[in-house]
Amino acid sequence: MSRPVRVAVVGSGPSGMYSADALVNQTEIPVEVDVIDRLPVPFGLVRYGVAPDHLSIRSVRDTLNKTLDKPGVRFLGNVTVGRDVSLAELHDCYDAIIFSYGASRDRRLGIAGEDLAGSVAATDLVEWYCGHPDADRGTFEALLPTTTSAVVVGVGNVAVDVTRVLAKTVGELDHTDMPQYVFDTLAQSQITDIHVLGRRGPAQAAFTTKELRELGELAEADIIVSPADLELDDASRAAADADRAVLRNVEVMREWSTREPTGKPRRIHLHFFARPHELHGHGRVETVVVERTALTPEGSAAGTGEFFDLAGNLVVRSVGYRGTAIDGVPFDSGRNVIPHADGRIQIDGATVPGEYVAGWIKRGPTGIIGTNKKDAAATVVSLLADAASGALPEPTSPGGVDALLADRGVVVVSTDGWRAIDQAERDLGATRGRDRTTIHDRDALIAASGS
Ligand code: NAP
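Sequence order sets the numbering: in each chain, residues are counted from 1 along the sequence as written. In view of the model being predicted, local features appear only for residues whose pLDDT reaches at least 70, and side-chain atom pairs are presented and counted only at 80 or more, with totals across whole chains, interfaces and linings using the full set of residues. Side-chain metrics in this entry use all non-hydrogen atoms of the structure; hydrogen atoms and water are not considered.

Take helix α1 (residues 14-24) next. Using a 1.4 Å probe on the protein chains alone, a residue whose accessible area is under 20% of its type maximum counts as buried, one over 50% counts as exposed, and one in between counts as partly exposed. Runs of H or I in DSSP of at least four residues are treated as helices and runs of E of at least two as strands, each being numbered from the N terminus. Extensive coverage of α1 is indicated by the burial of 10 of its 11 residues. What α1 keeps buried is the set P14, S15, G16, M17, Y18, S19, A20, D21, L23 and V24.

And the structure:
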């Protein structure tokens, strides 16, 4: 091929940025990459999923930012595939497309009362406190100042993030880039109790020890866990013996179970072998009916028929993320992922020429941010092999995307536009003595980009 291979990367979260990086970091095949995102800003879950008070994890964006400076990489923000440009048009303009748009939606509990006001998805709460342009501000700014007792369902790292943010004082969050409306709302918090429900035992919890430990180190919240909930059956003891990460979790919680509450104004209660059965309330959730569970020989949770009530006027389900389909792209609706073989998208066992997948929409919502680097690199190996062997379909209008978007009047936020937003967020933060403050409003982001 006499021109560079042109690749569209759809989604600018970690897996998209790592894909772009791997494409331009090799020298055998010249490649030009457009990283397309429906939002005016890049970095997806690094910006809108990683907890704002986890500064070291959020600093991954400095690394991802460097990729946008590399020759051959462009950012095309505020462009929605399927609305501003169709899949067929992407094929017209690019030799290959990598879908790396993640898994941003919530999973449901499927229990009675789940749709009561006050029952929310962790994904939505996280988007709200991270300043996502689509966040439902009205709901959270009405709920949070009137919440006294919250119930968080699930014991993964997102549940830990949400619990910590709800339990922290504004002073403990003041150094973060949360939008001002988040501080103003959290300053009105009346929360005294946060109950966290694990449907299996402490040895089966999905959180990691570093994240877990932080719950025991909060300025104004005691952590409470019953020793009875920490008793391990033989299989769980074997799991703890075999896996140091499990053992460390259990040890941290055992130490907590010996602590006397110190009278702090907030309390975090960890419950295991407890799953929500239904939610009750008049107009808004008031009570969570919880069923005690026991582990089956296979290690899953089975109900025991024993129930108890927890007061909760905010219920946050934090039971995992879910990927969604893009029109025309094969989708496995059972697993909520795009089917693939070595990153090449498959339909009925056959490869779709020129279509690839990386990240959470490839393998499901698991792993740490770094997991996506290896994952993206593997997909890029397949793409480059196909480029070398001539297996990529020939686009009819290589490079034609700019004219197409301009004709449609799409306001595209470029890399320079993102740099301008970045500076505007630093300037906004400086007005309150912070490193940066997230601009949450889509129009304000586009205005700041100068696009
Ligand atoms: P997760 O790790 O998959 O945890 C989901 C939790 O929900 C599990 O405890 C699961 O219990 C529970 N659950 C699922 N369905 C349930 C139901 N119907 N009823 C009650 N409980 C239910 O998901 P996540 O917390 O959303 O995290 C997603 C990924 O992002 C993970 O890989 C996580 O480590 C990562 N992450 C990392 C960080 C960090 O490193 N600081 C921060 C946030 C997220 P079972 O195990 O019984 O199914």
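Having seen the structure, we can now continue with the description.
As for its position among the elements, L173 is in helix α9 (residues 170-173). Given a relative accessible area of 0%, L173 falls into the buried group. Sequence separation between L173 and L186 is 13 residues; the distance between their C-alpha atoms is 9.8 Å. Any two residues whose heavy atoms approach within 4.5 Å at even a single point are treated as in contact. In contact with L173, not counting residues within four places along its chain, are D53, V165, K168, M178, F183 and L186.

Backbone geometry at N336 places phi at a positive 55°, although glycine is not the residue there. Following the sequence through the fold, N336 ends up in the loop between β15 (321-322) and β16 (340-341). Residue D342 is not a glycine yet carries a positive backbone phi of 55°.

Being near a molecule or strand, for a residue, means having at least one of its heavy atoms within 4 Å of it. Around the ligand, a shell composed of 22 residues is seen, among which V158, R199, R200, E211 and G367 lie nearest. Residue E211 places a side-chain N or O atom 3.1 Å away from a nitrogen atom belonging to the ligand. Between S318 and the ligand, the recorded distance is 3.5 Å, taken from a backbone N or O atom to an oxygen atom. Computed by Shrake-Rupley with a 1.4 Å probe, the accessible areas treat only the displayed protein chains as cover when residues are assessed. In the complex, the protein chains occlude 80% of the 920 Å² of accessible area that the ligand would expose alone. Element by element, the count of residues in the shell around the ligand is highest for helix α8 (residues 157-167), at three residues. In this document the domain limits rely on a domain assignment from an automatic tool or a database. Three or more residues apiece are contributed to the shell around the ligand by two domains, here domain 1 (5-104 + 323-412) and domain 2 (106-318). Polar contact is defined as a pair of N or O atoms within 3.5 Å, subject to the rule that within protein one atom must be able to donate a hydrogen and the other to accept it, and that residues adjacent in sequence are counted only when both atoms are side-chain atoms.

This part is about the packing of aromatic side chains. The criterion for an aromatic pair is that two Phe, Tyr or Trp rings (for Trp, the six-membered ring) have centres within 6.5 Å, with stacked assigned to planes under 30 degrees apart, edge-to-face to planes over 60 apart and tilted to the rest. In total, this model carries five aromatic pairs according to the counting rule given. Plain terms: the ring middles of F99 and Y101 are 6.5 Å apart, the flat faces sit at 90° to each other, and that makes the pair edge-to-face. Put simply, the rings of W128, F140 and Y181 touch in pairs and so form one group of aromatic residues. We note R137 situated over the ring of Y181; from NZ or CZ to the ring centre the distance is 3.9 Å. Counted as over-ring charges are cases with an Arg CZ or a Lys NZ within 6 Å of the ring centre that also lie within 35 degrees of the ring normal.

The next thing to look at is the sheet that holds strand β12 (residues 285-295). Think of it this way: DSSP has to see at least two bridges between two strands before they count as a pair. Spatially, the three strands line up as an open sheet ordered β11-β12-β13, and their pairing is antiparallel. Edge positions in the sheet fall to β11 (274-281) and β13 (301-311), since each has one partner strand and no second. The average undirected angle you get between the axes of adjacent strands in this sheet is 25°. Strand direction decides the pairing type here: β11 and β12, joined by seven bridges, are antiparallel. To get an axis, fit a line to the C-alpha atoms, keeping to the stretch in contact for a helix; angles then go from 0 to 180 degrees between the N-to-C directions.

Below, the discussion takes up the sheet that holds strand β17 (residues 344-347). Spatial ordering of the open sheet is given by β3-β2-β1-β4-β18-β17-β16, a layout of seven strands whose pairing is mixed. A single partner strand is all that each edge strand has here, and the edge strands are β3 (73-77) and β16. Of the strand pairs in this sheet, strand β2 (residues 31-37) and β3 are connected by five bridges, and their pairing is parallel. Note that in β3 the partner of D34 across the bridge is R74. Across the sheet, α1 is in contact with β1 (5-10), β2, β3 and β4 (96-99); its angle to β2 comes to roughly 170°.

Following the sequence through the fold, R47 ends up in helix α2 (residues 44-48). If we ignore the near neighbours within four places in the chain, the residues touching R47 are V41, P42, R58, R61, C130, W418, E425, T438, I439 and L445.

What follows covers the domain arrangement of the chain. In terms of domain boundaries, the chain breaks down into domain 1 (5-104 + 323-412) and domain 2 (106-318). Taking only C-alpha atoms into account, the centre of domain 1 sits 33 Å from that of domain 2. At the interface, 15 residues of domain 1 touch 21 residues of domain 2. The term buried area denotes the loss of accessible surface (1.4 Å probe radius) that occurs when two parts are joined, taken as the sum for both partners. Both sides together, the interface formed by domain 1 and domain 2 hides about 1400 Å², and carbon and sulfur atoms give 53% of it.

Another point: the pairing of strand β18 (residues 350-357). Across three bridges, β4 lies against β18 in parallel orientation. Within β18, the position partnered with I97 by the bridge is E355. Strand direction decides the pairing type here: β17 and β18, joined by three bridges, are antiparallel. What sits directly across from R344, in β18, is Y356.

This part is about the pattern of salt bridges. Salt bridges are counted wherever a side-chain nitrogen of Lys or Arg sits within 4 Å of a carboxyl oxygen of Asp or Glu. Scanning all chains against the criterion turns up 38 salt bridges. The residue D106 makes a salt bridge to R105 at a minimum N-O spacing of 3.9 Å. Residue D106 is classed as buried on the basis of its relative accessible area of 11%. Each of R105, D106, R108, E114, D115, D124, E127 and R317 takes part in salt bridges that share partners, so that together they form one network.

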